[in-house]
Structures are given as structure tokens and as C-alpha cells.
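Observations on chain architecture
Residue strings, one per chain:
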Amino acid sequence: MANKNTKTSKFSWFLNNPVDFTLVIIILILLCLGLIMLLSASSPKSLSQYGTSYQFFIKQLIFGVLGLVAMAMISKIDYRFYQKFYKLSWIASIILLALVLVIGKEVNNAKRWIGVSSTSFSVQPSELVKFLMIVFYAGMLTKNRDELGNFWTGLVKHICMLAPIIVLLMLEPHFSASIVITGICCIMMIMAGCKLWQFIASGLSIGIPLIIALIKAAPYRLQRVVTFMNPWQDPTDTGWQVIQSLYAIGSGGLFGTGLGEGKQKYLYLPEPHNDFIFSALAEELGFVGCVIVIILFIILIWRGILIAMKAPDMFGSLIAIGITALIGIQVIINIAVVTSSMPATGMPLPFFSYGGTALFILLCEMGVLLNISRASLKN
């Protein structure tokens, strides 16, 4: 009898605490599509490195399943709980990024990962820092809501809190993460009440010159800009990535070559299972497949915006805006890079690109968004 009552109470809890069902379906579809495309895109490299076509897929699948379990659990945790620790989120971000510089593993002249000794497992702290900064800015902006209209106490004060994070990221260096985190925080600040014209004026007078200086300071960044202008100037070296990506996209046509039938992933397309997985998708699923995936992301972003608009308080609204902006910015930049619409930068495609810890953290963030949707649906 007790077991029956327990089951009944759990069922009643779910009925009384519904989540955004559309968002759940979209997350599951994107995750399944991402795993299928990862298996197809990663199989040649996995076979050559590990002697099996399933090495990358199995690892991603494990983290995907663990992420779904974590998402379900986190969706039950009241999002207001994180507001108590928003200051600690900033401190934790500084510590994590500092640890990367001290004990991080260097790969391709960059320190972005912290590895676990005697194993091949490694984590990229910047993925967690993205969410920690969303929590921090949501808490800080909520606390200082009455000051946001002022230039010094609104814009300058809150941008200054972002500066140490960006400096540490640039020391790794991790330019793409800096862009994403800056974009997220600026969107959250504007949505919270900071004046848009102040951002525009500051961006034109300080932001753009600073970006130009950072590009000039690193020869490889400047080379990427030059390559973007004319990738066929050096097709076998600096222009190789972009050209092979465009070949893959062009080869897909309207309906694609068929799942698993792509050719560019065989030693031609660099990182077909990671930053350039959208190119592999375009080749195998064609224009129609690309449109479907983009529509799925648009629906996810739309649901995130609706959840933010209906959130019962400012903190929940800003958390939802931050998570939605995180996905939107990464999707836009990734697709822009692989289609040669902007200079190349290492930007993963959410739910699709290889990276176990990144996928796990993303699904945890989806759990937070789902919890906010519970509170939104109650209103």
C-alpha cells in the first residue's frame, strides 16, 4: 500500500509541476540527431586512431545519457537556489581559469583543458565558466537593478567584473570562449535594463579597436582574417579548412549524399566530428537536413525566450536569457564559420560537436531552463 501511495504521489508531483514539453522534445531530437551525426562524422578518424569506428560515439553517448539523468534531476531543483551563490560563481570562475594556466594540458599551443592523471579524461573549465557567469550576472543584475540605467554604475561597473575573466581566457588563449561569454553577459545586461546606446557607443569607441588589437597581437588570428578574405590564396595550407568545408556543403546538394556516405570526412575535412560537423551534416543530409536542424535550434531559442518572458522573477528571466543566448551565439558562430561567413574560430555546435563534458554541462543547463519553465507554467 505504501508503494502504491509513493507512486501516486510521484505521479501527482509531475502533473502539478509540468515542464515545457516542447522544449523537452526539441532537446531529445537535437541530442539524437547529434549522436547520429557524430557517429557518421567521427568513424574514419576513430578507426584510424583507435581501430574501431565507435570510440568517439561511445564516449559521447555515455556523457549524453549521464547528461539526461542530470537534466532530469536538475529540473527539479528550484532555480532560486543558485541565487544564493552568485558571488561564489564569479570566484569559482577565476579559480578554474587560473588552474588551467597552472596545471592545464597544452594542446596546439593552447592551455584549455585540465586532465586527470593516468587517464585520457580531460575537462574544459571554460564550458562550466559560461554557466557560472550566467548565474553571477543574473544575481548581480537583479541586485543592482535600480542602477542599471546609469553609465558608470550600470555599464562600466558590470563590464569591469567581466574583464578578469576575459583576461584569463585570452592567456590560454581561448578567443572563441571570450566572444561567447562577452556576448552572453552583454545580452543579459541589455535585457536587465542597461541602455543599448551605451553599448553601441562603447563598442564603437573601445570594443572594436580592442578586437582589432587582439587580432593583430596574434599572427594566427590575423592569418585567419586574411584567409577569410581569400581562402583560395593558399588552398593547401591556411585556406584548407574553409575550402574543404565549402566542398562538403556544396557536395550535399538538396537532399545530401546519404547518411554515412559523405566523402569529405575521410582525411579532407579537418575536425569533421567537432567544429566542422555541420559541414559533414550538410554533405550527408543536404540543404533540407541543414534547414531542419536550424529550425530545431530556432524553436529551442524561441522556447527559451518564452520561458524568460514568463519567469516569475528577474533572476529566473535572466538565467533563461543567458542560457538561450549561450546556445544561440554558438550556433550562429559555428554555422557562420563553416559557411565562410566569418573568419575561422574554434566554436562547437551544441548537441552535435564532440566533447563529453561540454555535452554534459549543456544538458545540465537545459535542466535549469526546464526548472524555470516549471515556475513559468505555474503563473
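Summary of the structure given here. Note that the structure is predicted; figures quoted are calculated from it, not measured. (Residues numbered from 1 in each chain as written. Predicted model: local features only at pLDDT ≥ 70, side-chain atom pairs only at ≥ 80, totals over all residues. Heavy atoms only, no water.)

Section: the sheet that holds strand β1 (residues 105-107)
Our working rule: What makes two strands pair is DSSP finding at least two bridges between them. The secondary structure listing takes helices from DSSP runs of H or I that are at least 4 residues long and strands from runs of E that are at least 2 residues long, numbered from the N terminus. Residue contacts follow a heavy-atom distance rule, with two residues in contact if any of their heavy atoms lie within 4.5 Å. Axis lines are fitted to C-alpha atoms, over the contacting stretch for helices. Their N-to-C directions set the angle, which ranges from 0 to 180 degrees.
Spatially, β1-β2-β3 is the arrangement adopted by the 3 strands of the open sheet, whose pairing is antiparallel. If you trace the sheet from one side to the other, it starts and ends with β1 and β3 (122-123), each paired once. Relative to β3, strand β2 (residues 110-115) runs antiparallel, the two being bridged by 2 bridges. Among the inter-strand pairings, isoleucine 114 is bridged to a residue of β3, identified as valine 123. Helix α4 (residues 86-103) contacts β1 and β2 of the sheet and is inclined by roughly 100° relative to β2.

As for unusual backbone geometry
Convention followed: Burial here depends on accessible area, computed with a 1.4 Å probe over protein chains only, as a share of the maximum for the residue type. Under 20% is buried, over 50% is exposed, and the range in between is partly exposed.
In this model, glutamate 172 is joined to proline 173 through a cis peptide bond whose omega is -5°. If you trace the backbone, proline 173 turns up in the loop between α6 (151-171) and α7 (175-192). Phi is positive for glutamate 271, which is not a glycine, with a value near 50°. Take glutamate 271: it is sitting in the loop between α10 (240-252) and α11 (277-310). Its relative accessible area of 32% is what places glutamate 271 among the partly exposed residues.

A few points about the side chain of glutamate 283
To keep it simple, the criterion reads: Charge counting follows a simple rule: Lys and Arg are positive, Asp and Glu are negative, and His as well as the terminal groups are ignored. Any carboxyl oxygen of Asp or Glu that lies within 4 Å of a side-chain nitrogen of Lys or Arg is treated as forming a salt bridge with it.
Along the chain, glutamate 283 falls in helix α11. Here glutamate 283 is buried and forms no salt bridge, its nearest opposite-charge partner lysine 263 lying at an N-O distance of 6.4 Å.

So, empty space enclosed by the protein
The condition that has to hold: Using only the protein atoms, space was sampled on a 1 Å grid; points where a 1.4 Å probe fits but cannot get out form cavities, open sets with protein on both sides within 12 Å along at least five of seven lines form pockets, and lining residues are those with an atom within 4 Å of a point. Grid points are joined across faces, edges and corners, and a volume is the space filled by probe spheres set on the points. Gly counts as polar in this scheme, as do all residues outside two lists: the nonpolar Ala, Val, Leu, Ile, Met, Phe, Trp, Tyr, Cys and Pro, and the charged Asp, Glu, Lys and Arg.
According to the stated counting rule, one finds 1 cavity of 30 Å³ or more in the structure shown. Considering only enclosed or pocket space, the largest cavity measures out at about 160 Å³ in volume. Taken together, 16 residues line the largest cavity, and the ones lying closest to its centre are Glu127, Gln330, Pro350, Ala358 and Leu362. Where the lining of the largest cavity is concerned, the elements lending two or more residues are α5 (125-143), α12 (314-338) and α13 (356-378). It is α13 that contributes the most residues to the lining of the largest cavity, 5 residues altogether. By residue class, the composition of the lining of the largest cavity is 10 nonpolar, 3 polar and 3 charged.

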